[in-house]
Amino acid sequence: MADVTGDYVQMDNVDWVDFPQGLCQGDVKWKLLHVSPESGAWTAIFDCKAGSSFAKHIHMGPGEYFLTKGKMHVRGGSEEGGATAFAPGYGYEACNAQHDHTEFPEDSEFYMTFLGPLNFIDDDGNTIALVGWRQVYDAWQASQGG
Ligand code: ZN
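These numbers come from a predicted model, not from an experiment. (Residues numbered from 1 in each chain as written. Predicted model: local features only at pLDDT ≥ 70, side-chain atom pairs only at ≥ 80, totals over all residues. Heavy atoms only, no water.)

### Points about the pairing of strand β15 (residues 127–131)
The side chains of a regular strand alternate, first on one face of the sheet and then on the other.
Then comes step 1: The sheet contact formed by strand β14 (residues 118–121) and β15 spans 4 bridges and is antiparallel. When the sheet's bridge partners are listed, asparagine 119 is paired in β15 with leucine 130.
Then comes step 2: Counting the residues that bridge the hairpin from β14 to β15 gives 5 residues, and of these glycine 125 lies at a positive phi of roughly 85°. (Pairing = 2+ DSSP bridges. Helix = DSSP H or I, 4+ residues; strand = E, 2+ residues; numbered from the N terminus.)

### Remarks on the coordination of the zinc ion
Then comes step 1: For the zinc ion, the full set of protein donor atoms is His57 (NE2), His59 (NE2) and His99 (ND1), and the range of their distances to it is 2.0 to 2.1 Å.
Then comes step 2: Every donor residue of the zinc ion comes from the same chain, spaced as H-x1-H-x39-H.
Then comes step 3: Residue histidine 57 is classed as buried on the basis of its relative accessible area, which comes to 5%.
Then comes step 4: On the basis of relative accessibility, which here comes to 3%, the residue histidine 59 falls in the buried class. (Donors = N, O, S within 2.8 Å, 3.2 Å for Na, K, Ca; no water. Buried < 20%, exposed > 50% of the residue type's maximum accessible area, 1.4 Å probe, protein only.)

### Considerations on the packing of aromatic side chains
Then comes step 1: Inspection of every chain in the model, using the stated rule, returns 13 aromatic pairs.
Then comes step 2: Between tryptophan 30 and phenylalanine 46 the ring centres are 6.4 Å apart and the planes differ by 20°, which places this aromatic pair in the stacked class. Taken as a pair, tryptophan 30 in strand β3 (residues 28–36) and phenylalanine 46 in strand β4 (residues 41–48) lie far apart in primary sequence, 16 residues in all.
Then comes step 3: Classification of phenylalanine 46 by relative accessible area gives buried; the value is 1%.
Then comes step 4: A connected cluster of aromatic rings, assembled from ring pairs, spans Phe19, Trp30, Trp42, Phe46, Phe54, Phe104, Phe110, Phe114 and Trp140.
Then comes step 5: The ring of tryptophan 16 has lysine 31 sitting right over it, with the charged end atom 4.5 Å from the ring centre. (Phe/Tyr/Trp six-rings, centres within 6.5 Å; stacked < 30°, edge-to-face > 60°. Lys NZ or Arg CZ within 6 Å of the ring centre and 35° of its normal.)

### Quick notes on the sheet that holds β14
Then comes step 1: Spatially, 4 strands are ordered β11-β6-β14-β15 in an open sheet, and the strand pairing comes out antiparallel. Looking at the sheet topology across the chains shown, the edges are occupied by β11 (98–99) and β15.
Then comes step 2: As paired strands, strand β6 (residues 57–59) and β14 are joined by 3 bridges and run antiparallel to one another. Considered in β14, the bridge of isoleucine 58 is made with asparagine 119.

This is the structure we're talking about:
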């Protein structure tokens, strides 16, 4: 998975794993697909049940996503100046984008490549967890019994 020469994942052969509580609320599952130590990038797919959300975070680098199913409110959603994505939808989030509310009003799924870590913060802006390729790799390996 951290091999720089190439990678392939048969996604339907990988089981969904609970995404760590504290970084999300509600039923969020993920599959880590690739990490890239040389660039700090990592790619995952997320299964987010209706009513789930991600905890407040800042993207330390830009990211691109493909919402394959459902609906996602980013940065408060389009009614609050952010974006509301409807599947099939593509989005780009800039370096330093702060996401106070990333919410899923219906069962949704999205694929995303992150360039650099996510800085999960509390309401005062203090870091709760800095989640980069190494942290997701270690968490994923642990979930796979390794
Ligand atoms: Zn975000």
